[in-house]
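If you want the building blocks of each chain, they are given just below.
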Amino acid sequence: MANRATCWSASARPGKRSNGWRRKAAAAAAASASAAAYLHHRRKVQDRTTTPADAKSHEKDRRKHVLILMSDTGGGHRASAQALEAAFQELFPDEFRVSIVDLWSHHTPYPFNQAPKTYSFMVKYPVLWRLMFRVTEPAWVHNLLFRISSVFNHDSVRKAYREFQPDIVVSVHPLMQDQPIKALKQYKDAHVPFATVITDLTSCHPTWFHTKVDKCFVPTEQVKEQAVKRGLEEDQIVVHGLPIRPAFSKPPSKSKEALRGELGLQKDGPVVLLVGGGEGMGPVEATCSALASRLDHKAQIAVICGRNQRLIEKLKAGNWPVHVLVQGFVNNMSDWMAAADCIITKAGPGTIAESLIRGLPLVLNGCIPCQEEGNVQYVLQNDLGQFSREPEQIADIVSNWFQGEEGRQVLQRMSKHAKSMGHPDATFKIAEDLAELCRSFYKEAADAVNSQAVLQPA
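Only a predicted model underlies this, so the values are computations on that prediction, with no experimental measurement involved. (Residues numbered from 1 in each chain as written. Predicted model: local features only at pLDDT ≥ 70, side-chain atom pairs only at ≥ 80, totals over all residues. Heavy atoms only, no water.)

**As for the overall build of the chain**
Helix and strand content of the chain: 19 helices and 12 strands. Counting across all 458 residues of the chain, residues that qualify as buried make up 51%. Relative to all contacts within the chain whose residues are 6 or more apart in sequence, the contacts with residues 24 or more apart total 66%. Of the roughly 21,700 Å² of accessible surface on the chain, 52% is carried by carbon and sulfur atoms. (Helix = DSSP H or I, 4+ residues; strand = E, 2+ residues; numbered from the N terminus. Buried < 20%, exposed > 50% of the residue type's maximum accessible area, 1.4 Å probe, protein only. Contact = heavy atoms within 4.5 Å. Areas by Shrake-Rupley, 256 points an atom, 1.4 Å probe, with all protein chains shown as cover.)

Printed below as a string of structure tokens:
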């Protein structure tokens, strides 16, 4: 139990690695005291009522509360949070409830609450985003920025904790470590478990890694190496894969041919899935035109345009020499991937992880500077696909894959490699570990309280 207690005591964790028995004993004692205080606090919270509505709510829902912190700087963070929420709902519906909170947008003052808009603006200008990413990498820079922002945000974050009263806090965003951990420590005397779930596949900004977390879930061994270099201990780090939608944790419910029939595709002929993301961005139209002019007449193109209604209408109005099926925003991406033979997409970590699970060779057609550039190398070095920004070259790549025995062998080889590197159970494994972290902490808290009760004189 000493090792576990050491993990849970953020205040007792040493700055440098040490296995000395004195440090372990001190950490265990601190964790025991913290656990006892926490359980006492929770009992007070459950008994305290401020309004009749609050009292009724406490009576109705005594489940432990998982608070997931994220920010809508790109769609991947919310998608990962929703995946974890779905896993908790499926695995532990009677034991845990989950809240997903965009901490910056809804619980900090201006201009910090403009973080998603600022990010959306900056990623449109790769040079500007690369400059921001690299300049803030040194610890002294981002720590200074955190200190400055803490002056304005610390009380707001503590207020959010008082509002949500979490039993465990989970971060799925690189800027949700430093200030949330410090505010959580001062939120009350007791320690609340804090875990980070990293949603970048390979290239991570240093702010992802905080030595005071109880657990850090990473998607790849490459990210684990970065975590160790940033000061995390081996027992803090868990490699499960990227949290993706639970639909991908199960094999396709039907055969490829049956799914194609349901989706409106022809059952025969190879299918390339062209994905433009939630907003239908990128050279989707130009790529679709290049593919249609290069592919054999038996081939098919399924285009996912997201919410870009103008693109949807334009593609649907086209006179294509091959079968082109145009869709807007879809909620059954698992089925579309299972029905396809390859996928064209930007180098987003979530789409790559889902494609690997479905065994789809990838053609990456773009990436966000810095955090997604490593994803391109990851795909190329592991023989999972190819990269090109040029629609004509992309069409040539797919055409070569679809034509002749040699091309089919290449597709089969990459598909096999993709499946071997997929992690279909990642989301559920992370949820199970988070649940156990919370349960074990409660058990230690209860044991500590009971031990103190026994030692007190009658």
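Let's pick the thread back up.
**Overview of the sheet that holds strand β12 (residues 385-387)**
Taken in spatial order, the six strands make up an open sheet running β9-β8-β7-β10-β11-β12, and their pairing is parallel. Either end of the sheet is taken by a strand with one partner, and the two such strands are β9 (323-327) and β12. The sheet shows a mean angle of 15° between the axes of neighbouring strands, direction not considered. Sheet topology note: the strand β11 (residues 362-364)/β12 ladder contains three bridges and is parallel. (Pairing = 2+ DSSP bridges. Axes fitted to C-alpha atoms, helices over the stretch in contact; angles between N-to-C directions.)

**Thoughts on the packing of helix α6 (residues 115-122) against helix α7 (residues 126-135)**
Relative to each other, α6 and α7 sit at 125°, their axes nearing to 8 Å. Accordingly, the angle class assigned to the pair α6 and α7 is oblique. On α7, the residues touching Tyr-119, Phe-121 and Met-122 of α6 are Pro-126, Leu-128, Trp-129 and Met-132. Split into classes, the residues belonging to the contact of α6 with α7 amount to seven nonpolar, no polar and no charged. (Parallel < 35°, antiparallel > 145°, perpendicular 65-115°, else oblique. Nonpolar A, V, L, I, M, F, W, Y, C, P; charged D, E, K, R; others polar.)

**Structural notes on the pairing of strand β2 (residues 96-102)**
With respect to burial, β2 is a largely interior element, five of its seven residues being buried. Here strand β1 (residues 64-70) runs beside β2; their pairing, made up of seven bridges, is parallel. Residue pairing across strands places Met-70 opposite Asp-102, the latter belonging to β2. In this fold, β1 hands off to helix α4 (residues 76-91), which returns the chain to β2; that crossover is right-handed. (Right-handed = clockwise from strand over helix to strand, strands pointing away.)

**Notes on the pattern of salt bridges**
Tallied over the full model, the rule gives 17 salt bridges. Three or more residues joined by partner-sharing salt bridges are found here, namely Glu-95, Glu-436 and Arg-439. (Salt bridge = Lys/Arg side-chain N within 4 Å of Asp/Glu carboxyl O.)

**Re the side chain of His-65**
Looking at the secondary structure, you find His-65 in strand β1. Here Phe-164 takes part through its backbone oxygen, which lies 2.6 Å from a polar atom of the side chain of His-65. Once you skip the residues sitting within four places of it in the chain, His-65 turns out to touch Arg-97, Val-98, Ser-99, Phe-164, Gln-165, Pro-166, Asp-167 and Ile-168. (Polar contact = N/O pair within 3.5 Å; in protein donor to acceptor, adjacent residues only side chain to side chain.)

**Focus: the sheet that holds β1**
Adjacent strands of a sheet pair through backbone hydrogen bonds, lying either parallel or antiparallel. Across the sheet, which stays open at both edges, the six strands sit in the order β2-β1-β3-β4-β5-β6 with parallel pairing between neighbours. Each edge of the open sheet is held by one strand with a lone partner, namely β2 and β6 (237-239). Each strand axis lies, on average, 20° off the axis of its neighbour in the sheet, ignoring direction. Against the sheet, helix α10 (residues 221-229) touches β5 (215-218) and β6, its axis set at about 170° to β6.

**Points about helix α15 (residues 349-357)**
Across the nine residues that make up α15, a large majority, seven, are buried. Against the buried residues of α15 lie α14 (333-339), β10 (342-345), β11, α16 (373-381) and α18 (404-421). In the stretch just after α15, Gly-359 is the one whose phi turns positive, near 70°.

**Observations concerning the pairing of β1**
β1 sits mainly inside the fold: seven of its seven residues count as buried. Neither face of β1 is exposed, since Lys-64, Val-66, Ile-68 and Met-70 on one face and His-65, Leu-67 and Leu-69 on the opposite face are all buried.

**A few points about the confidence of the model for the chain**
Considering every residue of the chain, the mean pLDDT works out to 85; 82% of them sit at 70 or more. Confidence drops under pLDDT 50 across residues 1-32; counting only partners more than four residues distant or on other chains, this segment forms 41 contacts. The low-confidence segment residues 35-56 (pLDDT under 50) makes 34 contacts with residues lying over four places distant or belonging to another chain. (pLDDT = per-residue confidence, 0-100.)

**Side note on the nonpolar core**
Of all hydrophobic cores here, the largest spans 35 residues; its most connected members are Leu-273, Met-333, Trp-336, Ile-352 and Leu-362. Within the residue set of this core, elements represented by two or more residues are α11 (256-263), β7 (271-275), β8 (300-304), α14, α15, β11 and α16. Sorting elements by how many residues they give to this core places α14 first, with five residues. Setting aside its immediate chain neighbours within four residues, Trp-336 contacts Leu-263, Leu-265, Leu-273, Ala-302, Ile-304, Leu-325, Gln-327 and Val-330. Listed in part, the 29 residues of the second largest apolar core include Val-272, Leu-274, Val-284 and Leu-291. (Core = buried A, V, L, I, M, F, W, Y, C linked by side-chain atoms within 4.5 Å.)

**Re the packing of aromatic side chains**
Where two aromatic rings form a pair, the distance of their centres and the angle of their planes describe that pair. One pass over the structure, following the stated rule, counts seven aromatic pairs. Centre to centre, the rings of Phe-112 and Phe-152 are 5.9 Å apart; their planes meet at 35°, and the pair counts as tilted. In this pair, Phe-112 is assigned in the loop between α5 (103-107) and α6 and Phe-152 in helix α8 (residues 139-164), connecting sequence segments 40 residues apart. Residue classification places Phe-112 among the partly exposed positions, given a relative accessible area of 24%. Of the aromatic side chains, those joined through ring pairs into one cluster are Phe-88, Phe-92 and Phe-96. (Phe/Tyr/Trp six-rings, centres within 6.5 Å; stacked < 30°, edge-to-face > 60°.)

**Regarding the packing of helix α17 (residues 391-402) against α18**
Closest axis-to-axis distance for the α17/α18 pair is 6 Å, and the angle between their directions is 100°. With respect to α18, the element α17 is oriented roughly perpendicular. Taking contact as the criterion, the partners of Asn-400, Trp-401 and Phe-402 in α17 are, on α18, Gly-404, Gly-407, Arg-408, Val-410, Leu-411 and Met-414. When the residues that make up the contact of α17 with α18 are grouped by side-chain class, the tally is five nonpolar, three polar and one charged.

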